[in-house]
Amino acid sequence: MSNRIAVVTGATGSLGTSMCKALINQRRTVIGSHLPDEKSTDDALSWKDMMRRDGFDVAIYPLDVTDYENCKSFIAQIEEDQGPVEILVNNAGITNDAPLKKMQPEQWGEVINVNLNSMFNMCRQVFEGMCERGFGRIVNISSLNGEKGQFGQSNYSAAKAGIYGFTKSLALEGARKGVTVNSVSPGYIDTPMIRKVPEKILNSIIESIPTGRLGQPEDIARAVKFLTSDDASFVTGTNLSVNGGQYMS
Ligand SMILES: NC(=O)c1ccc[n+]([C@@H]2O[C@H](COP(=O)([O-])OP(=O)(O)OC[C@H]3O[C@@H](n4cnc5c(N)ncnc54)[C@H](OP(=O)(O)O)[C@@H]3O)[C@@H](O)[C@H]2O)c1
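Each value, and the rule that gives it
Residues numbered from 1 in each chain as written. Predicted model: local features only at pLDDT ≥ 70, side-chain atom pairs only at ≥ 80, totals over all residues. Helix = DSSP H or I, 4+ residues; strand = E, 2+ residues; numbered from the N terminus. Rg over C-alpha atoms; globule rule 2.2 N^0.38 Å. Contact = placed C-beta atoms within 7 Å. Near = placed C-beta within 6 Å. Nonpolar A, V, L, I, M, F, W, Y, C, P; charged D, E, K, R; others polar. Expected span 1.5 Å × (residues − 1). Buried ≥ 20, exposed ≤ 12 C-beta atoms within 10 Å, placed from the backbone. Pairing = 2+ DSSP bridges. Axes fitted to C-alpha atoms, helices over the stretch in contact; angles between N-to-C directions. Core = buried A, V, L, I, M, F, W, Y, C linked by C-beta atoms within 7 Å.

## Focus: the overall build of the protein chain
At step 1: Check the secondary structure of the protein chain and you find nine helices and seven strands.
At step 2: Against the compact-globule benchmark of 18 Å for 249 residues, the protein chain has a radius of gyration of 17 Å, which places it among compact chains.
At step 3: Its C-alpha atoms put the protein chain at 50 × 40 × 35 Å along the principal axes.
At step 4: For the protein chain, contacts bridging at least 24 residues in sequence account for 73% of all contacts bridging at least 6.

What follows is the structure, encoded as structure tokens:
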């Protein structure tokens, strides 16, 4: 089936945009999310228009992935409007870096909430239905820094590493029900954030990548496209590192 309903959280971000395009090219019906506040809603509506002009039609609904009740009503609304969610890409994520000696409890909590607690909040809403219907694809977006750690990112690395245990456990729960659960760990990707890094540091980052280049958002989108495809039914509980060989686990 090609026109399966796919939800991408954090759809409006750099990687989310590319994932939406890849899934639409695969003839999925793609639903994105935006934060419920006024500015994010306005930005998301402009993003939706831009996507439409480029030939990509994405429905968007408000969502804060840290709010369990909001996740519940978000999925309920989509299922009422569009039909059952068969593909979920948990992509929304943030950083808020500091070395541990300077990190505030709020900084720790916020990053764990958005990057890790969101996995439970979202999967809990769709997993049972996927199992009952005998088909589901869940992809959780982790990070190179969840695999290897990173100075100043104990909160982010802990959250992203936590995704691996969650993914493997849920994969076991879904394995006999046609529901696969995997993670993708992007390395350094050519996004506006990385382009802000001073040129000298950016060059040293690129030198440390064996393929000699930054990743492109499309590199991540292609991994998501494969793991959410019907063809990937025997791939579950795994992590796909998409990092140009920078870290091999
Ligand atoms: N870019 C990289 O090089 C890289 C490398 C490794 C891993 N990753 C991971 O890949 C994912 C996407 O990264 P990106 O670079 O595309 O990030 P991005 O451009 O900053 O986009 C992040 C998205 O998440 C949304 N978001 C933030 N907090 C949210 C919340 N509480 N509820 C719902 N949505 C929320 C943002 O919405 P607003 O725009 O409205 O705030 C935005 O749409 C993240 O999980 C990130 O950790 C990225």
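## Some details on the site of the ligand
At step 1: Near the ligand, the surroundings consist of 28 residues, among which Gly10, Gly13, Leu15, Ala92 and Gly93 are the closest.
At step 2: Sorting the residues of the shell around the ligand by element identifies helix H1 (14-25) and strand S2 (29-34) as the ones contributing at least two each.
At step 3: With three residues, H1 is the largest single contributor of residues to the shell around the ligand.
At step 4: Counted by class, the shell around the ligand contains 13 nonpolar, 14 polar and one charged residues.

## A word on helix H4 (residues 105-133)
At step 1: Here H4 is 29 residues long and its end C-alpha atoms lie 41 Å apart, about the 42 Å a rise of 1.5 Å per residue gives.
At step 2: Among the residues of H4, those classed as buried are Val111, Val114, Asn115, Leu116, Ser118, Met119, Asn121, Met122, Cys123, Gln125, Val126 and Met130.
At step 3: Buried residues in H4 make contact with helix H3 (68-81), strand S4 (85-90), strand S5 (136-141), helix H6 (154-174) and strand S6 (179-186).
At step 4: Gly134 occupies a position one or two residues after H4 and carries a positive phi of about 80 degrees.

## Quick notes on the sheet that holds strand S3 (residues 59-62)
Adjacent strands of a sheet pair through backbone hydrogen bonds, lying either parallel or antiparallel.
At step 1: Ordered by their spatial adjacency, seven strands build an open sheet running S3-S2-S1-S4-S5-S6-S7, and the pairing between neighbours is parallel. Unpaired on one side and paired on the other, S3 and strand S7 (239-242) mark the two borders of the sheet. Adjacent strand axes in the sheet meet at a mean angle of 20 degrees when their direction is disregarded.
At step 2: Where S2 meets S3, four bridges bridge the pair, whose relative direction is parallel.

## Considering the nonpolar core
At step 1: If you look at the biggest cluster of nonpolar residues, it comprises 52 residues, and the most contacted ones within it are Val7, Val8, Met19, Cys20, Leu88, Val89 and Val224.
At step 2: When residues in this core are grouped by element, the largest group, eight residues, is from H4.
At step 3: With sequence-adjacent residues up to four places away left out, Val7 is seen in contact with Ile31, Ile78, Val85, Ile87, Leu88 and Val89.

## Re the pairing of S6
At step 1: In terms of residue burial, S6 counts as a mostly covered element, since eight of its eight residues are buried.
At step 2: Burial along S6 is two-sided: the face carrying Val179, Val181, Ser183 and Ser185 and the face carrying Thr180, Asn182, Val184 and Pro186 are both buried.

## Brief notes about the environment of Ser249
At step 1: Relative to the helices and strands, Ser249 resides in the segment after S7.
At step 2: When the 8 C-beta atoms within 10 Å are taken as the criterion, Ser249 is described as exposed.
At step 3: Taking C-alpha positions, Ser249 is 24 Å from Val111, a pair spaced 138 residues apart along the chain.
At step 4: If sequence neighbours within four positions are ignored, Ser249 has contacts with Glu147 and Ser241.

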